[in-house]
There are 2 protein chains.
Amino acid sequence: MSPASHLIAIDWGTSSLRAALMDRDGTILDRLQSGDGVMAMLGRDYAERFESLFGPWLDRHPTAVVLASGMVGSRQGWREAPYVACPASFEDLVRGIAYIEVEGRGRIGLVPGLVSDQAGPAPDVIRGEEVQVFGGMRLNGQASGIFVLPGTHSKWVVVEEGKIARFHTFMTGELYGLLKRHSILGKLMPEDSEPPFAPAAFEAGCRLALSDETGALLHRLFSVRTTGLFHRFTSEELPSYLSGLLIGEEVREAKALIGDHTPGPIQLICREDLARSYRLCLEAAGIDSAWIDDAAFLGLFDIARRNALIA
Amino acid sequence: MSPASHLIAIDWGTSSLRAALMDRDGTILDRLQSGDGVMAMLGRDYAERFESLFGPWLDRHPTAVVLASGMVGSRQGWREAPYVACPASFEDLVRGIAYIEVEGRGRIGLVPGLVSDQAGPAPDVIRGEEVQVFGGMRLNGQASGIFVLPGTHSKWVVVEEGKIARFHTFMTGELYGLLKRHSILGKLMPEDSEPPFAPAAFEAGCRLALSDETGALLHRLFSVRTTGLFHRFTSEELPSYLSGLLIGEEVREAKALIGDHTPGPIQLICREDLARSYRLCLEAAGIDSAWIDDAAFLGLFDIARRNALIA
């Protein structure tokens, strides 16, 4: 089979999907996104949804290579691409790609996730972010360092000699949402709205979380209630304070788990608003950082290119 | 006013209330409970509900003293009995009682809560449990030690020379409920039921949480997902594992915050099932403990008795 001239790169996650149609140079010709993440697809037909989303691109470029990363390749997704063990090189990841044949459209490659510390007491998994990390390495020409992907489940990924050596997940974003929406702490905050970011409250939360090496998250979360009760922060400031406590705790835990061997600044890969929060917190912890806003499509392009799937 | 011969002792908390009719010797003559905690009373008439609950007892004993502790004395309750600062003696607590006159029924005493470390970055508050701690001290003849009241918001109370010196709240129980009901971790657990306690899974959670001094709750919570994913625990065992992780983290944090100066075993005041979990975890942490199942009514009786309100 001769190499194709186009790539359809899909980042198909838990709550949404986004995709790019790219040419042989990696230029993005078209984009699309949808709320039909893996959760919304439960019990629905993937092939049908794939056709409705990507049929128009494939009509124009019938030989395009299709690669998808993220939860679409999980047991709860379209088909499982089993986890590849760390340390994992780019080539290990590529070898783990699972292919699905879609009638009339050829095959789709599902990029596998990675598993870290599988034999330990707390194994860890990643699915989707690993492609962004390889994309980020390529973007920076960087073969070692720490990449951080903040979000619902933040990932701290340690890269050594071009391989993903290990990583740690932190449930920071999910906990923020749970506490804001469903806990007693949320009752002190504005309902049904996300007030503007309050830097002083956020930094106070970070400082408290980073104030000692042993931490005390279960205890300090309660200070969201008491600082509200004693009017130290307004109702509008409390979400930022809570966010500071949680991100500060994430940074404290990551420092303890990963140790101090950071070669160069931490590479953040995330939306701009999250990058602002994380950079403030990392600064408070005395850690240098740099920001990459997105590397998913680049990572998928790199897989296609280095495997001579497109040319 | 001559001392009364009966006490109506009410523990009126956030989600429920329970009360005892006691004679001058502290013998409980009758009990009642209701789901009309402070949350359920929002916007409703306290005097009316009080009459419907306690009218029958007061008809029989019109001169009975009425004392209520718990969130009923908070800003969101019937009337605020402002927080008393730590260190707080039994007498300080009594001086803080706020009285409400109820037409035709005389006055009701609302026991205040306490505030700890009010000037610090994370002030802490307690309302209801302080009465149990004084009750527990009386029960044990103990003037110093650590009392632990596990629950939605666990309280670790440090008693020195008969005073509540300080305390720390941990949002352990609330977080357990949130994670089980609303998070991605809960999706791996049985729906709408609380499976039987699984000691091995619980202890595995405790051991992981207690495995180092720095802790890593945001990270280790994710192991509930991965240990489920890799079939280390069954769906029915995962709630116990999650509970172990959280209670283990609470014990780790409390050790770091309070330090090692425990004179004698920790006194647990709680329901039997919680006592079993906490004692298993404390044992794993090398901490001795003893159990008191309830001291709320005793604490209120002690307030009435030592102030010569009943005789």
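Computed from a prediction, not measured in an experiment: that's the story for all the values here.

A description of the sheet that holds strand β14 (residues 289-292) of chain A should follow, citing residues and the corresponding values.
Strand pairs in the sheet, formed through backbone hydrogen bonds, run parallel or antiparallel to each other. All names here are of chain A. Reading across from one edge, β12-β11-β10-β13-β14 is the order of the 5 strands in this open sheet, with mixed pairing throughout. Where the open sheet ends on each side, the last strands, each with one partner, are β12 (163-170) and β14. Going from strand to strand, the sheet's axes swing by 25° on average, the running direction of each strand aside. As paired elements, strand β10 (residues 145-149) and strand β11 (residues 154-160) share 5 bridges and run antiparallel to each other. Looking at the pairing, L149 lines up with K155 of β11. Most of the contacts of helix α10 (residues 272-284) go to β14, to which it runs at about 175°, and overall it touches β11, β13 (266-269) and β14.

Give me helix α4 (residues 129-140) of chain A: which residues, what numbers.
Residue and element names in this part refer to chain A. Along its 12 residues, α4 runs 16 Å from first to last C-alpha, staying within 8% of the 16 Å computed at 1.5 Å per residue. Counting buried residues along α4, 9 of its 12 residues qualify, which places the element largely inside the surrounding structure. Listed as buried for α4 are E129, E130, V131, Q132, V133, F134, G135, G136 and M137. Positioned one or two residues after α4, G141 has a phi angle of 60°, which is positive.

Please set out the domain arrangement of chain A residue by residue, giving values where relevant.
Quite often, the size of an interface is put as the accessible area lost when its parts meet. Residue and element names in this part refer to chain A. We note that the domain assignment places domain 1 (6-142 + 296-306) and domain 2 (169-292) within chain A. Averaged C-alpha coordinates put domain 1 and domain 2 at centres separated by 30 Å. With 8 residues of domain 1 at the contact, the number on the domain 2 side is 5 residues. Note on domain 1 versus domain 2: buried area summed over both sides is about 460 Å², and carbon and sulfur give 46% of it. Viewed at the interface, domain 2 and domain 1 are joined by 0 salt bridges. For the side of domain 1 that touches domain 2, the residue count by class is 3 nonpolar, 4 polar and 1 charged.

With reference to specific residues and values, describe unusual backbone geometry.
Leaving glycine out, the prevailing phi sign among residues is negative, and the prevailing peptide bond configuration is trans. Residue and element names in this part refer to chain A. Along the chain, C86 connects to P87 via a cis peptide bond; the corresponding omega equals -5°. Mapped onto the secondary structure, P87 falls in the loop between β5 (84-85) and α3 (90-95). In this structure, D117 is a non-glycine residue whose phi angle is positive, near 55°. Its location among the elements puts D117 in the loop between β8 (114-116) and β9 (124-126).

An account of the packing of helix α7 (residues 222-229) of chain B against helix α8 (residues 238-258) of chain B is requested, with residue identities and associated values reported.
All names here are of chain B. Relative to each other, α7 and α8 sit at 150°, their axes nearing to 10 Å. Classed by the angle they form, the pair α7 and α8 counts as roughly antiparallel. Note that α7 runs across α8; the crossing there is right-handed. In this structure, α7 contributes S223, V224, T227 and G228 to the contact, and α8 contributes L238, Y241, L242 and L245. Tallied by class, residues from the contact of α7 with α8 come to 5 nonpolar, 3 polar and no charged.

Requested: an account of helix α5 (residues 199-209) of chain B, with residues and values cited.
Listed in full, the buried residues belonging to α5(B) are B:A201, B:F202, B:A204, B:G205, B:C206, B:L208 and B:A209. Those residues of α5(B) that are buried lie in contact with α6 (217-220), α7, α8 and α9 (272-284) of chain B.

Account for the interface of chain B and chain A, with residues named and values stated.
Across the boundary between the two partners, chain B contributes 56 residues, which contact 56 residues of chain A. Broken down residue by residue, the surface that chain B buries against chain A is led by B:L218, B:H219 and B:F222, which jointly contribute 17%. Counting every contact that joins chain B to chain A gives 22 residue pairs in polar contact (both at pLDDT 80 or more). Counting only elements with at least two residues in the side of chain B that touches chain A, the list comes to β9 (124-126), β12 (163-170), α4 (172-182), α6, α7 and α8 of chain B. The element best represented in the side of chain B that touches chain A is α8(B), accounting for 8 residues. Partitioning the side of chain B that touches chain A into residue classes produces 28 nonpolar, 16 polar and 12 charged.

Give me the pattern of salt bridges: which residues, what numbers.
All names here are of chain A. The tally for this structure, following the rule as stated, stands at 34 salt bridges over all chains. In this structure, R95 engages D92 in a salt bridge whose closest nitrogen and oxygen atoms are separated by 2.6 Å. Here the residue R95 and the residue D92 both occupy positions in helix α3, the gap between them amounting to 3 residues, near one helical turn. Close ionic contact of E249 with R252 constitutes a salt bridge, the shortest N to O distance being 3.0 Å. Residue E249 and its partner R252 are located together in helix α9 (residues 238-258), separated by 3 residues, close to a single helical turn. You'll find E249 and R252 in the same group, each marked buried. Through salt bridges with shared partners, a single network forms among E91, R138, D302 and R306.

Please give an account of the relation of the copies chain B and chain A that cites residues and values.
The operation relating chain B to chain A is a screw motion whose rotation component is 180°, with 0.0 Å of axial translation and a residual RMSD of 0.1 Å. The two molecules are tied by a two-fold rotation axis, judged by turn and shift. Taking C-alpha positions as reference, the residue of chain B nearest the rotation axis is B:T214, located at 2.2 Å. Interface overlap between copies is the fraction of interface residues in one copy that are interface residues in the other; for chain B against chain A it reaches 100%, indicating a shared surface.

Explain the state of the cysteines to me, and be specific about the residues and the numbers.
Taken as a whole and judged by the stated rule, the model has 0 disulfides over all chains. No disulfide involves A:C281; its sulfur sits 3.5 Å from that of A:C206, the nearest cysteine. Summary of cysteine pairing: B:C270 is not part of a disulfide, and the nearest cysteine sulfur, belonging to B:C281, is at 13 Å. What makes B:C270 buried here is its relative accessible area of 6%.

Reading the values: rules and limits
Residues numbered from 1 in each chain as written. Chains lettered and ligands numbered in written order. Predicted model: local features only at pLDDT ≥ 70, side-chain atom pairs only at ≥ 80, totals over all residues. Heavy atoms only, no water. Pairing = 2+ DSSP bridges. Helix = DSSP H or I, 4+ residues; strand = E, 2+ residues; numbered from the N terminus. Axes fitted to C-alpha atoms, helices over the stretch in contact; angles between N-to-C directions. Contact = heavy atoms within 4.5 Å. Expected span 1.5 Å × (residues − 1). Buried < 20%, exposed > 50% of the residue type's maximum accessible area, 1.4 Å probe, protein only. Domains from an automatic or database assignment. Buried area = accessible area lost by both parts, 1.4 Å probe. Salt bridge = Lys/Arg side-chain N within 4 Å of Asp/Glu carboxyl O. Nonpolar A, V, L, I, M, F, W, Y, C, P; charged D, E, K, R; others polar. Parallel < 35°, antiparallel > 145°, perpendicular 65-115°, else oblique. Left-handed = near helix turned anticlockwise from the far one by under 90°. Polar contact = N/O pair within 3.5 Å; in protein donor to acceptor, adjacent residues only side chain to side chain. Least-squares fit on C-alpha atoms with pLDDT ≥ 70 in both. Disulfide = S-S within 2.5 Å.

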